[in-house]
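Coordinate analysis (summary)
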Amino acid sequence: MILALHQPWWISAIKAFVVANLVLGGFAYLTWLERKILGRMHLRYGPNRAGPFGLLQPIADLVKLLRKASFFPAAAVDVLYVLAPVVAGFTAIAAFSVIPFGPVWHWGDYDVTGWVVNVPIGLVLLFALSSVGVYAFVVGGWSSESKYSLLGSMRTCAQMVSYEVSLALSVLGVVLMAHSLSLVDIVERQQATIWFCVPQIVGLITFFIAGIAETNRAPFDLPEAEQELVAGYHTEYSGMRFGLFQTAEYINMITLSGLAVTLFFGGWSGPVLPGPIWFLVKLGTFIFFFMWMRATLPRLRYDQLMRFGWKVLLPVATINALVTAVVVVAVG
Amino acid sequence: MSPQPIGSLKGFAVTLRQIFRKPITQQYPEYKRPVYPRFRGRHRLHRYDNGLEKCVGCSLCAAACPADCIRVVPAENTPENRVSPGERYARIYEINMSRCIFCGYCELACPFDAITLGNEYELSEYNRDDQIYTKDMLLAPPVKTVPSADAARYDTPEPVWKTSA
């Protein structure tokens, strides 16, 4: 069915351009929204000075970051130091390309798909890109030639590698039920049967917790740990290089929310409203939950983080995958 | 680490509830919270009712200043040029506001109550040179004023060491 689509390359190019810019623009205004929501949860107003309701705040922040001096430590490893934030930003934006946000539309002779690319191994590609993103964090901290950055990047690396295992295992159940690694196929399978959040509730919970740790969000934001450690791998970064790291982390959160919607909540499917609207509504709900969690839960200790990751999350995710496999085989 | 799911859920409810309440932030430049009457802000130099300056240029304030931010250069009063009632007056009286720590020791040290600390706290400048307040500036009433709470309600009575002298 996918092969029969008549979609010339320029439609894909336009879609890729639009999606990449939508993700970046969405990121900018999500920072505003997050600060607003966190503010209201703290009985504050949040940003309200730049423009009406502080709506120009992301633009002001961007201009500030661009105009700031990009400090370059004398001992830093030249190429890697500059390249690390670029890689982080690129992988974060690229990972979003495999997430479907709508069905196929037919416009005259052309078919416009609601996804940028439909890779048969979309899920693997997404995890691979996020793993390359981990390299950026590690290399960025190492190439700064600062012991604090190095320790910070070690901390980040250990956390992300530990939780990546649980993250990948927790979606195994979904893959087994959908018989496919393509995210489009997974959504279509859910339309045909049932949203996977019902049979895969354990998978959803483990995926969500591992995802929070993977995107370095509170209560697992130890790589940054603003209040007690100030910063981690990006200690020596400033200006837009620092901004790119933050952008990458934030877009990773959007991508992960999109992935959760796609894998467990039927992606773009929903009654009455068009697909992209449903996708955005579900995505927004997830992102709100991320912000809500940041306002509520205190940060874990590092040993708690490691113990939870290896002794609780990983066994649960493994057992969930095994049980799902047995049931799928037994049912047929 | 004992998991406490009920407690965590309660916490989520608490944070969600706050969204619907009115923020308690006081919007500063629009609303200025009144300071207490004895709040120590920008300095003032005072004159007697007949227009003579109270300051006699004794430099006790400069001696008392822990931040060493006061500079006093005295000069002799003459019958033609009488500035203060005493023998001498302060020809130059400067306070470097970027160093001042607003401790009020100058006020305590002054034998003639010539210098007091007012309530004004909006003292930012774009230039460090502008932070040096000259005698003319200190003698004139402050350009920016801030609201002050009712003195009768908050202020303590005149201290004994001032009234019994």
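Residues numbered from 1 in each chain as written. Chains lettered and ligands numbered in written order. Predicted model: local features only at pLDDT ≥ 70, side-chain atom pairs only at ≥ 80, totals over all residues.

Focus: the overall build of chain A
The condition is simple: Helix numbering and strand numbering both begin at the N terminus, where a helix is a DSSP run of H or I of at least 4 residues and a strand a DSSP run of E of at least 2. Note that the radius of gyration is over C-alpha atoms, with the globule rule given as 2.2 Å times the number of residues to the power 0.38.
What chain A contains, in helices and strands, is twelve helices and two strands. Traced from its N-terminal end to its C-terminal end, chain A shows the element sequence α-α-α-β-β-α-α-α-α-α-α-α-α-α. Taking 2.2 N^0.38 as the reference for a compact globule, 332 residues should give roughly 20 Å; the C-alpha atoms of chain A span a radius of gyration of 20 Å, in line with that estimate. By principal-axis analysis of the C-alpha atoms, chain A measures approximately 60 × 50 × 45 Å.

Things to note about the overall build of chain B
Note the cut-off: Any residue with 12 or fewer other C-beta atoms within 10 Å of its own C-beta is exposed, any with 20 or more is buried, and the rest are partly exposed; the C-beta atoms used are placed from the backbone. Contact definition: two residues whose C-beta atoms, as placed from backbone geometry, lie within 7 Å.
A tally of helices and strands in chain B yields six helices and five strands. What you see for chain B is a C-alpha radius of gyration of 23 Å, clearly larger than the 15 Å of a compact globule of 165 residues, by over 25%. Taken along the three principal axes of its C-alpha coordinates, chain B extends 85 × 40 × 35 Å. For chain B, the proportion of its 165 residues judged to be buried stands at 15%. If you take every contact in chain B between residues at least 6 apart in sequence, the share linking residues at least 24 apart comes to 73%.

As for the pairing of strand β3 (residues 88–96) of chain B
For a regular strand, the rule is simple: side chains alternate between the two faces of the sheet. All names here are of chain B. Short version of the rule: Two strands form a pair only when DSSP identifies at least two bridges running between them.
Relative to β3, strand β2 (residues 70–76) is paired through seven bridges, and the arrangement is antiparallel. Looking at the pairing, V72 lines up with Y93 of β3. Where β3 and strand β5 (residues 132–133) come together, two bridges link them in antiparallel fashion. Within β5, the residue paired with I95 across the bridge is Y133.

A few points about the environment of G258(A)
All names here are of chain A. For G258, the location among the structural elements is in helix α10 (residues 239–264). Given 26 C-beta atoms within 10 Å, G258 falls into the buried group. Separated by 28 residues in sequence, G258 and F286 place their C-alpha atoms 8.3 Å apart. Setting aside anything within four residues of it in sequence, one finds G258 in contact with F96, I99 and L283.

A closer look at the packing of helix α4 (residues 122–143) of chain A against α10(A)
All names here are of chain A. Let me state the cut-off plainly: A fitted line through C-alpha atoms represents every axis, and for helices the fit uses only the stretch in contact; the resulting angles, taken between N-to-C directions, go from 0 to 180 degrees. For classification, angles of less than 35 degrees are called roughly parallel, those exceeding 145 degrees roughly antiparallel, those between 65 and 115 degrees roughly perpendicular, and all remaining angles oblique. Handedness of a crossing is defined here by the sense of rotation of the near helix relative to the far one, left-handed for an anticlockwise turn of less than a right angle and right-handed for a clockwise turn. Lys, Arg, Asp and Glu make up the charged group, whereas Ala, Val, Leu, Ile, Met, Phe, Trp, Tyr, Cys and Pro make up the nonpolar group; the residues left over, Gly among them, are polar.
Between α4 and α10, the least distance of the axes is 12 Å, while the angle of their chain directions is 160°. When the interaxial angle is binned, α4 and α10 end up roughly antiparallel. Between α4 and α10 lies a crossing of left-handed hand. Contact residues: α4 offers L126, S130, G133 and G140, while α10 offers F245, A248, N252 and L259. A breakdown of the residues in the contact of α4 with α10 according to their chemical character gives four nonpolar, four polar and no charged.

A look at unusual backbone geometry
Phi at H179(A) is positive, roughly 55°, even though this residue is not glycine. Relative to the helices and strands, H179(A) resides in the loop between α6 (172–178) and α7 (183–192). On the basis of neighbour counts, which here come to 10 C-beta atoms within 10 Å, the residue H179(A) falls in the exposed class. A positive phi is found at D113(B), a non-glycine position, where the angle reads about 55°. With respect to the helices and strands, the residue D113(B) is situated in the loop between α3 (105–109) and β4 (115–117).

Let's talk about the interface of chain A and chain B
Contact residues are listed per partner, giving eleven residues for chain A and twelve residues for chain B. Only α1 (9–41), α11 (275–296) and α12 (302–331) of chain A provide two or more residues apiece to the side of chain A that touches chain B. Its residues assigned to classes, the side of chain A that touches chain B shows six nonpolar, two polar and three charged.

Some details on the sheet that holds β5(B)
With antiparallel pairing, three strands are arranged side by side in an open sheet as β2-β3-β5 (chain B). In this open sheet, the two edge strands, each paired with only one partner strand, are β2 and β5 of chain B.

Here's the deal with the environment of E249(A)
All names here are of chain A. When you line up the elements, E249 lands in helix α10. In this structure E249 comes out as buried when scored by C-beta crowding, with 21 C-beta atoms within 10 Å. Spatially, the C-alpha atoms of E249 and V230 are 16 Å apart, while their sequence positions differ by 19 residues. The residues touching E249, leaving out its near neighbours within four places in the chain, are T215 and N216.

Describing the packing of α1(A) against α11(A)
Residues and elements named next belong to chain A. One way to put it is that α1 packs onto α11 with a least axis distance of 10 Å and a crossing angle of 45°. Comparing the axis directions of α1 and α11 gives the class oblique. In terms of crossing hand, the pair formed by α1 and α11 is right-handed. Side by side, α1 and α11 meet where L30, E34, I37, L38 and M41 of the first sit next to I287, M291, R294 and A295 of the second.

Some details on the nonpolar core
How we decide: Put simply, a nonpolar core is a cluster of buried Ala, Val, Leu, Ile, Met, Phe, Trp, Tyr and Cys residues tied together by C-beta atoms within 7 Å.
In terms of nonpolar packing, the biggest core is built from 79 residues, with A88(A), V174(A), I251(A), A260(A), L263(A) and I287(A) touching the most fellow members. If you tally residues by element for this core, the top one is α10(A), at 14 residues. Among all residues touching A260(A), those that are not within four sequence positions of it are F207(A), F208(A), G211(A) and F286(A). Counting 17 residues, the second-largest nonpolar core is a separate cluster that includes V83(B), Y93(B), C106(B) and A114(B).

Looking at the environment of R40(A)
Structurally, the position occupied by R40(A) is in helix α1. A residue is classified by how many C-beta atoms lie within 10 Å of it, and R40(A), with 19 of them, is partly exposed. Taking the C-alpha atoms as reference points, R40(A) and A295(A), 255 residues apart in sequence, are found 9.9 Å from one another. Residues within four places of R40(A) in sequence aside, it is in contact with G46(A), Q18(B), I19(B) and P23(B).

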